[in-house]
Amino acid sequence: MDSSPNGFFFSFGSPSEADPCSGTTIVDAATSINSTPGTAGPSPPVWPPAKTSTAIFPWVSLDPDTLHEWAARYSCAAPESDVEKGSRSTKPLQLRLRVASTPSAESPSSEDLLPLDPSSQANVTLCYQSPPEVDTLTSFAATQAPERTTSSLASKEHRDVIPGRYYGGLKVWSCAVLLAQYLADNAEQYRSLFETAAVVAELGCGQGLPGMAAMCLGARRVVFQDYNEEVLHLCTKPNVAATISANQSLLQSRGDENIRPPLHAKFVHGDWVDLSWESQGVASSPTDPEAYCDVILGADVTFDREACDKLSCILHRWLRPRTGTAIIVSKDYYFGTNGGYLELTKSAEPYGLRVIPLRRVDTADKMPHVVLHITHAV
């Protein structure tokens, strides 16, 4: 990994090779992690019924006008009134990923591809920002939406941002970078999955790197979910607009634009156990395109026992039966909070979810990470 003022650059080889990032080695998870889960409780935790349907959050067409509006907020996360000019602006950063280009059976024929600059064909640029100041986040509701009621503004006291200690989705956490890296490293495998998925979702998205990587690899309808509504406005939406602009030729290169569905995104905020998928309140078939999510992504979403329980709950609700796939990147263990891979395995079992480690990633800081594949057990 090369750190520079413009962000990070990752170079990828084949999945079987050692990661060229300095100090990082990728090994087969099966040889390093005991995949036998611990003893799970007889039943999952009892949560109150979900009180919010994702149907209240509209699908947004990512047309030029919308992208232009969001891009204007990229790296300028809050109004500059009453403060020194630029003091609340964030710094634009980029994560440049070299996408594996090994042909696969699912790859389109050469006549299906529009001409591309060879120097950019194998690269994806994900745009993000340095974290906004915490007071930017907590003041957003008052400065950007004065029409909100006092009761709705009071909800900010429950947001998961603790000044000086924990910055929630404002910060790009290590597992988000590793998940985006993993998807790019295995692009041909996941491109076919994303292109055929009716809905792809990223849980706890924060700045949205994995969700944007999925979009660049072919996903056309992507849900970005975060606990904090402000994070979606301050970071995720501007990042999505900047990323689409940076990868315009790549996003338009595969297939016939006349028959490909346009890009859409949905931005959902709230606690996982409070959210039901939009069409689950009515009778629907598991094969209905909008009934469930086909692919769910998550990074650093297993940080404590409660998070593992809630993650298992929302995966059980949102993931399409039989065919749905979740790709989660977690640390083996989160010291001080008791979360991690094994805790998620315990939490998932009572919900009928199967957790399989795909790959171990030992980073330069010697903190073991693991890529997990999660499906319904039956």
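Residues numbered from 1 in each chain as written. Predicted model: local features only at pLDDT ≥ 70, side-chain atom pairs only at ≥ 80, totals over all residues. Heavy atoms only, no water.

- In the annotation of an unreviewed UniProt entry, the entry for the chain reads protein-histidine N-methyltransferase, and the organism field reads Porcisia hertigi.
- As its UniProt record puts it under Sequence similarities (unreviewed entry), the chain is described as follows: "Belongs to the methyltransferase superfamily. METTL18 family." (UniProt positions renumbered as here; feature names shortened; annotations may be inferred.)

**Some points on the overall build of the chain**
Then comes step 1: Helices and strands together make up the secondary structure of the chain, namely eleven helices and 15 strands.
Then comes step 2: Accessible surface, the chain as shown: approximately 17300 Å² in total, 54% of it carbon and sulfur. (Helix = DSSP H or I, 4+ residues; strand = E, 2+ residues; numbered from the N terminus. Areas by Shrake-Rupley, 256 points an atom, 1.4 Å probe, with all protein chains shown as cover.)

**Remarks on the nonpolar core**
In summary, soluble globular proteins display a tendency toward joint burial of nonpolar side chains.
Then comes step 1: With 51 residues, the main nonpolar core has Leu62, Leu126, Leu183, Phe194, Val200 and Phe224 as its most contacted residues.
Then comes step 2: With nine residues, helix α5 (residues 174-185) is the single largest residue contributor to this core.
Then comes step 3: Cys308, Leu311, Leu353 and Val370 belong to the second largest nonpolar core, which has 32 residues in total. (Core = buried A, V, L, I, M, F, W, Y, C linked by side-chain atoms within 4.5 Å. Buried < 20%, exposed > 50% of the residue type's maximum accessible area, 1.4 Å probe, protein only.)

**Some points on the confidence of the model for the chain**
Then comes step 1: Here the chain shows a mean pLDDT of 76. Residues at 70 or above account for 66%.
Then comes step 2: In the predicted structure, residues 1-40 sits below a pLDDT of 50 and forms 86 contacts with residues beyond four places in sequence or in another chain.
Then comes step 3: The low-confidence segment residues 103-121, where pLDDT is below 50, has 18 contacts with residues more than four positions distant or belonging to other chains. (pLDDT = per-residue confidence, 0-100. Contact = heavy atoms within 4.5 Å.)

**Focus: the state of the cysteines**
Then comes step 1: Across all of its chains, the model carries zero disulfides by this definition.
Then comes step 2: Cys127 provides the cysteine sulfur closest to Cys216, a residue in no disulfide bond, and the two sulfurs are 8.9 Å apart.
Then comes step 3: Using a relative accessible area of 6% as the deciding quantity, one classes Cys216 as buried. (Disulfide = S-S within 2.5 Å.)

**What to know about the packing of helix α7 (residues 209-216) against helix α8 (residues 229-246)**
Then comes step 1: Following both chains from N to C, one finds α7 and α8 inclined at 30 degrees, their axes separated by 11 Å at the closest point. In this structure, the crossing between α7 and α8 has a hand that is right-handed. The residues of α8 that touch α7, namely those facing Met212, Met215 and Cys216, are Asn239, Val240, Thr243 and Ile244.
Then comes step 2: Here the contact of α7 with α8 is composed, by residue class, of five nonpolar, two polar and no charged. (Axes fitted to C-alpha atoms, helices over the stretch in contact; angles between N-to-C directions. Left-handed = near helix turned anticlockwise from the far one by under 90°. Nonpolar A, V, L, I, M, F, W, Y, C, P; charged D, E, K, R; others polar.)

**Some points on the pattern of salt bridges**
Then comes step 1: Scanning all chains against the criterion turns up seven salt bridges.
Then comes step 2: Here Arg359 ties to Asp185 by a salt bridge, and the two come within 3.4 Å at their closest N and O atoms. With Arg359 in strand β14 (residues 353-362) and Asp185 in helix α5, this residue pair connects regions lying 174 residues apart in the sequence.
Then comes step 3: Since its relative accessible area comes to 7%, Asp185 is described here as buried.
Then comes step 4: Two residues, Arg191 and Glu188, come together in a salt bridge whose shortest N-O distance is 2.5 Å. (Salt bridge = Lys/Arg side-chain N within 4 Å of Asp/Glu carboxyl O.)

**Notes on the packing of aromatic side chains**
What characterises a pair of aromatic rings is the spacing of the ring centres plus the angle enclosed by the ring planes.
Then comes step 1: Counted under the stated rule, the structure contains six aromatic pairs.
Then comes step 2: Grouping aromatic residues by their ring pairs yields a cluster made of Trp70, Phe224 and Phe267.
Then comes step 3: In this structure, Arg221 packs its charged tip against the face of Trp59, placed 4.2 Å from the ring centre. (Phe/Tyr/Trp six-rings, centres within 6.5 Å; stacked < 30°, edge-to-face > 60°. Lys NZ or Arg CZ within 6 Å of the ring centre and 35° of its normal.)

**Quick notes on the packing of helix α1 (residues 64-71) against α8**
Then comes step 1: Direction vectors running N to C along α1 and α8 enclose 120 degrees, while the axes themselves pass 8 Å from each other. Viewed along their axes, α1 and α8 adopt a mutual orientation that is oblique. As for the relative orientation of α1 and α8, their crossing is left-handed in sense. Counting all contacts with α1, which are made through Leu67, Trp70 and Ala71, the residues of α8 involved are Lys237, Pro238, Ala241 and Ile244. (Parallel < 35°, antiparallel > 145°, perpendicular 65-115°, else oblique.)

**Describing α7**
Then comes step 1: Taken across its eight residues, α7 has eight buried, putting it largely inside the fold.
Then comes step 2: For α7, every residue scored as buried is listed here: Leu209, Pro210, Gly211, Met212, Ala213, Ala214, Met215 and Cys216.
Then comes step 3: Count one or two residues on from α7 and you reach Gly218, which has phi positive near 125 degrees.

**Describing the pairing of strand β12 (residues 295-299)**
Then comes step 1: Counting buried positions along β12 gives five out of five residues, so the element sits mostly inside the fold.
Then comes step 2: A two-sided burial pattern is seen for β12, the buried positions comprising Val295, Leu297 and Ala299 on one face and Ile296 and Gly298 on the other.
Then comes step 3: Where strand β8 (residues 200-203) meets β12, four bridges bridge the pair, whose relative direction is parallel. Residue Val200 lies in a different strand from β12, and its bridge partner there is Val295.
Then comes step 4: Two elements, β12 and strand β13 (residues 325-331), share five bridges in a ladder whose sense is parallel. (Pairing = 2+ DSSP bridges.)

**Some words on the pairing of strand β6 (residues 92-98)**
Then comes step 1: With burial as the criterion, only one face of β6 is covered, namely that bearing Leu93, Leu95 and Leu97; the residues Pro92, Gln94, Arg96 and Arg98 on the opposite face remain uncovered.
Then comes step 2: Judged from the seven bridges that link them, β6 and strand β7 (residues 123-129) form a sheet pairing that is antiparallel. From the neighbouring strand, Leu97 faces β7, where its bridge partner is Val124.

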